Structures are given as C-alpha cells and as structure tokens.
Amino acid sequence: IVGTTFYKALLHYNGLLLHSSAVVIDDEAYLFSADCGVGKSTHTSLWLKYLKHKNPYILNDDKPAIRIIDGKPYACGTPWSGKYDYSTPAVVPLGGICFLSRSETNQIKPADTGRAIYNIFSQTIRRLGESGMNKLMDNLNELFKLVPIYDLGCNMSDEAVLCSYNAMKREITDI
C-alpha cells in the first residue's frame, strides 16, 4: 500500500515507476525492464560480473523511480527492491532504458515509440484515474525526449553484455 501511494505521488514530482533492474556504471544508470522471469536481474548481474573493472553497482533491482529534475532524467533507488533486496539510496543520471526479450542471438536497436509506450505501460502503475494518467503521459513525453530507449533480444552470455553496453554507452569496448 505504501509503495502504491509513493508511486502515485511520484507522478506529481515529474517521476514514474518502472519495473526494472537498474545498474550504475560510469556514474550513469541503465534500466533493464521486462516481464517477471525474462532475465532483468540476470542481465544486470552479468554487467556486474563482466564490467567489474568499471565498478558497477545495482541501484535498484525491481522498482527504481525515474524523475526529471531541472530538465534532466535521473534514476533513483527506492526501498522496493525485489526478492534479492538490492537497492542503493542514490539519485543517478539516467543513461538509457532497455526492454529485454529472450533470444538465441544478441541484438539491440532503438525502440519503436509505440512499442516503447506499450512496454512502459505494462511495467508501471496503471490504475491512476484520469488526472494521474494525464500526468503519467506528460512525464513520459518528457522522458522520451531525454532518454534513449532500446529493445534488446539477448541470451545470457558475455556477448549479451557487450551488445547492450556498447549500444547504450555509445562506445566500442572489450570486456
């Protein structure tokens, strides 16, 4: 009940909930979202394992908040952090959002806006009433202007980490 109240109030602070696992690397947060059981936590744990030389950490493993503060997007740790209880009480610039799906091969591409809206709606609080839904739409409009959003089909290999990291960080690197 407290979580639902928090997330509804968050809308009025230019924010929203996204059911996702948030990893921080190079002082930016990257959110990986999908339905339960697809591999959000597994994918971020691979970032921790294969990119450990960059000192990554989990900001929140289930329900981070997203806020736009002074025109800039941020990911925020919350007390609602899922079954593994990984959460850090921090506010970190948001570098990207990625929607995961399982695939034999690893591929990432910028998300189609219509599909991204569907994905966000399926992974956030939706029973908001008319004014709450209008506020969510306003917040999403700003978020889509400020944050790159991707679709990632992946397996659970180190290549999956390279695929997502290289695209989202917009640089080429080796693990």
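Residues numbered from 1 in each chain as written. Predicted model: local features only at pLDDT ≥ 70, side-chain atom pairs only at ≥ 80, totals over all residues. Heavy atoms only, no water.

(A) Just the pairing of strand S5 (residues 65-69), in detail. As judged from the 3 bridges shared by strand S1 (residues 15-17) and S5, these two strands associate in the antiparallel manner. Across the sheet, Gly 15 pairs through a bridge with Arg 67, a residue of S5. Pairing geometry for S5 and strand S6 (residues 72-76), over 5 bridges, is antiparallel. The residue of S6 that forms the bridge with Ala 65 is Cys 76. The antiparallel hairpin formed by S5 and S6 contains 2 residues in its connecting segment, where Asp 70 sits at a positive phi of about 50°. (Pairing = 2+ DSSP bridges. Helix = DSSP H or I, 4+ residues; strand = E, 2+ residues; numbered from the N terminus.)

(B) Geometry of helix H3 (residues 113-122). Looking only at H3, the buried set comprises Ala 116, Asn 119, Ile 120 and Phe 121. In this structure, the buried side of H3 is in contact with S1, strand S7 (91-102), helix H4 (129-146) and strand S9 (149-154). One side-chain oxygen of the residue at the start of H3 lies 3.3 Å from the amide nitrogen of Gly 114, identifying that residue as Asp 112. (Buried < 20%, exposed > 50% of the residue type's maximum accessible area, 1.4 Å probe, protein only. Contact = heavy atoms within 4.5 Å. Polar contact = N/O pair within 3.5 Å; in protein donor to acceptor, adjacent residues only side chain to side chain.)

(C) View of the pattern of salt bridges. Under the definition given, this model contains 5 salt bridges. Linking Asp 26 and Lys 54 is a salt bridge whose minimum nitrogen-to-oxygen distance equals 3.7 Å. Linking Asp 26 in the loop between strand S2 (20-25) and strand S3 (28-33) with Lys 54 in the loop between helix H2 (40-50) and strand S4 (57-60), this pair joins segments that are 28 residues apart in sequence. Relative accessible area serves as the criterion here: at 34%, Asp 26 is assigned to the partly exposed category. A salt bridge links Glu 142 to Lys 145; the nearest nitrogen and oxygen atoms lie 3.3 Å apart. Of the two residues, Glu 142 and Lys 145 both sit in helix H4, 3 residues apart, roughly one turn of that helix. (Salt bridge = Lys/Arg side-chain N within 4 Å of Asp/Glu carboxyl O.)

Spatial relationships are all this shows, so hold off on functional conclusions.
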